[in-house]
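Analysis of the macromolecular model
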Amino acid sequence: MNNDNSIDALNSLVTINNDRIQGYETAIDETEDQDLKTSFAKFIQTSQACKSDLVSAITKLGGTPDDGTRLDGKIYRAWMDFKAMVTGKDRKAILNSCEYGEDVAVNAYERAMKDEDLSAEHRTLVSAQYTKIKADHDTVKSMRDAEIEV
């Protein structure tokens, strides 16, 4: 087991959670629907808790936690701002954008769970967080699908 590789794998999830936090902060600004604002605030709390646990694990390994976001996350949020401007803060468009971001987060967790450099303890942490992230993903997908049916 390589600590540097474990730190890198865990840091990739810190970055994904940073992206989720900033993405949902953008989404809150882009919607006028209170139910979406409430859900998005809950998703931010999920990512803040996940990030906190990841930062602790990285620090225990002797690493430095990342505090930034991915470039494609910044591009995605800019696209979301543009899309909201063009669509007039359309609920369905916002949910479509959020579901895309959730797909990215779920895929990142799935990759991390396959990382052979993670200890059993870190695999357990990542797996527990995956369950929470996947539940948020499924909630967003259900909300988006409900908009399609209307």
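Residues numbered from 1 in each chain as written. Predicted model: local features only at pLDDT ≥ 70, side-chain atom pairs only at ≥ 80, totals over all residues. Heavy atoms only, no water.

**Brief notes about the overall build of the protein chain**
Under the convention used in this document: Only DSSP runs of H or I reaching four residues or more are called helices, and only runs of E reaching two or more are called strands; each is numbered from the N terminus. By the convention used here, residues are in contact when the closest approach between their heavy atoms is within 4.5 Å. The Shrake-Rupley method, run with a 1.4 Å probe sphere, supplies the accessible areas, and residue values consider only the shown protein chains as cover.
In terms of helices and strands, the protein chain carries five helices and zero strands. Along the protein chain, from the amino end to the carboxyl end, the secondary structure elements read α-α-α-α-α. If you take every contact in the protein chain between residues at least 6 apart in sequence, the share linking residues at least 24 apart comes to 78%. When the accessible surface of the protein chain is totalled, it reaches about 7,800 Å², and 51% of it is carbon and sulfur.

**Observations regarding the pattern of salt bridges**
Rules: By definition, a salt bridge exists where a carboxyl oxygen of Asp or Glu is found within 4 Å of a side-chain nitrogen of Lys or Arg. Only protein chains enter the area calculation, which uses a 1.4 Å probe; residues under 20% of their type maximum are buried, those over 50% are exposed, and those in between are partly exposed.
Evaluation of the coordinates by the stated rule reveals ten salt bridges. Close ionic contact of Arg 91 with Asp 35 constitutes a salt bridge, the shortest N to O distance being 2.6 Å. Residue Arg 91 is found in helix α4 (residues 91-113), and its partner Asp 35 is found in helix α2 (residues 34-60); the two are separated by 56 residues along the sequence. In this structure Asp 35 comes out as partly exposed when scored by relative accessible area, which is 42%. As a salt-bridge pair, Lys 42 and Asp 136 come within 3.1 Å of each other at their nearest N and O atoms. Of this pair, Lys 42 sits in helix α2 while Asp 136 sits in helix α5 (residues 120-149), and the two are 94 residues apart along the sequence.

**Observations regarding the packing of α2 against α4**
Where we set the bar: To get an axis, a line is fitted to the C-alpha atoms, and for a helix only the part in contact is used. The angle between two axes follows their N-to-C directions and goes from 0 to 180 degrees. An angle below 35 degrees is treated as roughly parallel, one above 145 as roughly antiparallel, one from 65 to 115 as roughly perpendicular, and anything else as oblique. A crossing counts as left-handed when the near helix is turned anticlockwise from the far one by less than a right angle, and as right-handed when that turn is clockwise. Each residue gets one label: Ala, Val, Leu, Ile, Met, Phe, Trp, Tyr, Cys and Pro are nonpolar, Asp, Glu, Lys and Arg are charged, and the others, such as Gly, are polar.
Running from N to C, α2 and α4 cross one another at 15°; their axes reach a closest spacing of 13 Å. It follows that α2 is roughly parallel to α4 by the angle criterion. Remark: the crossing between α2 and α4 carries left-handed chirality. Facing α2, whose interface residues are Asp 35, Leu 36, Phe 40, Cys 50 and Leu 54, α4 presents Arg 91, Ile 94, Leu 95, Cys 98 and Tyr 109. Its residues assigned to classes, the contact of α2 with α4 comprises eight nonpolar, no polar and two charged.

**Topic: the side chain of Ser 47**
Quick reminder of the rule: In protein, a polar contact means a hydrogen-donor-capable atom and an acceptor-capable atom, both N or O and within 3.5 Å, with residues adjacent in sequence counting only if both atoms are side-chain atoms; elsewhere, any N or O pair within 3.5 Å suffices.
Structurally, Ser 47 is set in helix α2. Look at Ser 47 and you get buried, because its relative accessible area is 0%. A distance of 2.7 Å separates polar atoms of two side chains, one belonging to Ser 47 and the other to Asn 17. The residues contacting Ser 47, other than those within four sequence positions of it, are Asn 17, Arg 20, Ile 21 and Ile 133.

All we've got here are geometric facts, nothing functional implied.
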